[in-house]
Amino acid sequence: MKAVRYFGHKDVRVVTDMEKPVPSGDEVLLKIGGAGVCHSDLHIIDEGIVSGVTFTLGHENAGWVEEVGQDVKGFKKGDAVLVYGPWGCGHCKPCQHSQENYCDHQSEQAFGGGLGLNGGMADYMLVPSSRLLVPIHDLDPVIAAPLTDAALTPYSAIKRSLHKLMPDEYVVVIGVGGLGHVALQILTEMSGATIIACDITPERLEFAKKLGAAYAINSMDKDAAEQIQKITGIRKAKVVIDFVGASSTIDLGTKVVGLDGDLTIVGLGGGKYEYNMNGLPFGVSMTNPYWGSRTELMEVIRLARQKKIHIEVEKYNLDQAVEVYDKLRNGQIKGRAVLIP
């Protein structure tokens, strides 16, 4: 079968001689419908954060059950499913709460399929346990694949702060890319707070307004913080969610978040923040959430089935994987790219 394989630092190739896996026990073989292309893949490819192993890329995966192991219950051939992305041990307390993203044994194992273990940029994917599958019912797997990260991650981050997002408050979203453009839709549906979006191109700022942002600010402007404060007034923003995570965007967040607010850094931009007593308003919580739980993925699927959120998708075939990663590096992907076998 065909697959997009990671061989080491900056070495990604499309191969055609992979053997089709055979499931056993609680394993499930999926026929892949679509695999999302994520910025996290670039951290693996360009920075070598996963080393010493060769594997198939792709951690945003959806498809149809092709074959099941003898111990699988509740799934049959043809069922349309998403693959929950972070794979924990399945036994510790966080995993039992469906929070495998915070598995106690995370430091001892690969993060999941496409993140050290074989992922879904292939004709078929072997999922190690049926607990990692979530039915999508009438959703198209090609369109649904990015929900596993591009929607689940912002959804989980927003839920942390939902109790603070009242109609008289402001929320700032920094970065209107693969995750940020979904965050705007989720905020529009789930909170009454006024949304201020930040990005660096006129196209994305206009896109943000179409998705529910009341204001759109170019974060590269030297007075971006002042522009935001003119909107929010002295109270500033109750919640800031940074989907970039660069030093410059973290700095912007610290300037516009208000007392007892939340500064949530989702993006993996490698930024740094040096704490000092005068750097943040009192009561601010700075967090770096990772992905979301399986039950939250079920909630995301419900939002998508209700047509309350959608992901802007660009479709490519597996043979175009290297080209797509180049486009992603250069900021040429609007929304999410999906590879289709």
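Residues numbered from 1 in each chain as written. Predicted model: local features only at pLDDT ≥ 70, side-chain atom pairs only at ≥ 80, totals over all residues. Heavy atoms only, no water.

A. Structural view of the UniProt feature "domain: Enoyl reductase (ER)" (unreviewed entry) in the chain. Here the UniProt-annotated "domain: Enoyl reductase (ER)" (unreviewed entry) positions come out as residues 8–339. Helix makes up 26% of residues 8–339 and strand 24%, and the two end C-alpha atoms of the span are 21 Å apart. (UniProt positions renumbered as here; feature names shortened; annotations may be inferred. Helix = DSSP H or I, 4+ residues; strand = E, 2+ residues; numbered from the N terminus.)

B. Structural context of the layout of surface pockets. In this structure, the second largest pocket occupies an estimated 180 Å³ of space. Lining of the second largest pocket is provided by Asp138, Leu139, Asp140, Ile143, Ala144, Leu147, Ala304, Arg305, Lys307, Ile309, His310 and Ile311. Here the residues of the lining of the second largest pocket are counted per class, giving seven nonpolar, one polar and four charged. (1 Å grid on protein atoms, 1.4 Å probe; cavity = no way out; pocket = protein on both sides within 12 Å on 5 of 7 lines; lining within 4 Å. Points joined across faces, edges and corners; volume = space filled by probe spheres on them. Nonpolar A, V, L, I, M, F, W, Y, C, P; charged D, E, K, R; others polar.)

C. Molecular detail of the sheet that holds strand β14 (residues 285–287). With parallel pairing, the six strands of this open sheet are ordered in space as β11-β10-β9-β12-β13-β14. A strand with exactly one partner marks an edge of an open sheet, and here the two such strands are β11 (215–218) and β14. Taken pair by pair, the neighbouring strands of this sheet meet at an average axis angle of 15 degrees, ignoring direction. Pairing between strand β13 (residues 257–265) and β14: three bridges, direction parallel. Its bridge partner lying in β14, Asp262 is registered against Ser285. (Pairing = 2+ DSSP bridges. Axes fitted to C-alpha atoms, helices over the stretch in contact; angles between N-to-C directions.)

D. Structural detail: the domain arrangement of the chain. What the domain assignment reports for the chain is domain 1 (3–149 + 292–340) and domain 2 (152–287). The centre of domain 1, based on its C-alpha atoms, is set 28 Å off from the matching centre of domain 2. Counting residues at the interface gives 23 residues for domain 1 and 19 residues for domain 2. Contact between domain 1 and domain 2 buries roughly 1,700 Å² in total, counting both sides, with carbon and sulfur atoms accounting for 56%. Seen at the junction of domain 1 and domain 2, the total is two salt bridges. Between Lys159 and Glu299 there is a salt bridge, with the nearest N and O atoms lying 3.1 Å from each other. At five residues, helix α9 (residues 294–305) tops the list of elements feeding residues into the side of domain 1 that touches domain 2. Among the residues making up the side of domain 1 that touches domain 2, the classes are represented as nine nonpolar, seven polar and seven charged. (Domains from an automatic or database assignment. Contact = heavy atoms within 4.5 Å. Buried area = accessible area lost by both parts, 1.4 Å probe. Salt bridge = Lys/Arg side-chain N within 4 Å of Asp/Glu carboxyl O.)

E. Main features of the packing of helix α4 (residues 152–161) against α9. Axis separation between α4 and α9 bottoms out at 10 Å; the angle between their running directions is 110 degrees. Classified by the interaxial angle, the pair formed by α4 and α9 is roughly perpendicular. Along the contact surface, α4 presents Leu152, Tyr155, Ser156 and Lys159, while α9 presents Glu296, Leu297, Glu299, Val300 and Leu303. Looking at the contact of α4 with α9 residue by residue, the classes come out as five nonpolar, one polar and three charged. (Parallel < 35°, antiparallel > 145°, perpendicular 65-115°, else oblique.)

F. A look at empty space enclosed by the protein. In this structure the tally under the stated criterion is one cavity of 30 Å³ or more. Each pocket or cavity is described by its volume, and for the largest cavity that value is around 40 Å³. Forming the boundary of the largest cavity are Pro86, Trp87, Gly88, Glu100, Asn101, Cys103, Gln106, Gln109, Ala110, Phe111 and Tyr290. Taken together, the residues of the lining of the largest cavity sort by class into six nonpolar, four polar and one charged.

G. Structural view of the pattern of salt bridges. Taken as a whole and judged by the stated rule, the model has 17 salt bridges. Arg13 serves as the salt-bridge partner of Asp11, at 2.8 Å between the closest nitrogen and oxygen. Residue Asp11 is classed as partly exposed on the basis of its relative accessible area of 24%. The shortest N-O distance in the salt bridge between Asp326 and Arg329 comes to 2.7 Å. Here Arg329 and Asp326 lie together in helix α10 (residues 321–329), a separation of three residues that amounts to about one turn. You can call Asp326 partly exposed: its relative accessible area is 37%. Members of the salt-bridge network, linked through shared partners, are Asp46, Asp326 and Arg329. (Buried < 20%, exposed > 50% of the residue type's maximum accessible area, 1.4 Å probe, protein only.)

H. Here's a closer look at unusual backbone geometry. The residue Lys10 is not glycine, and still its phi comes out positive at about 60 degrees. Position of Lys10 among the secondary structure elements: in the loop between β1 (3–8) and β2 (11–15). Although it is not a glycine, Lys236 adopts a positive phi angle of roughly 65 degrees. Following the sequence through the fold, Lys236 ends up in the loop between α7 (224–232) and β12 (237–242).

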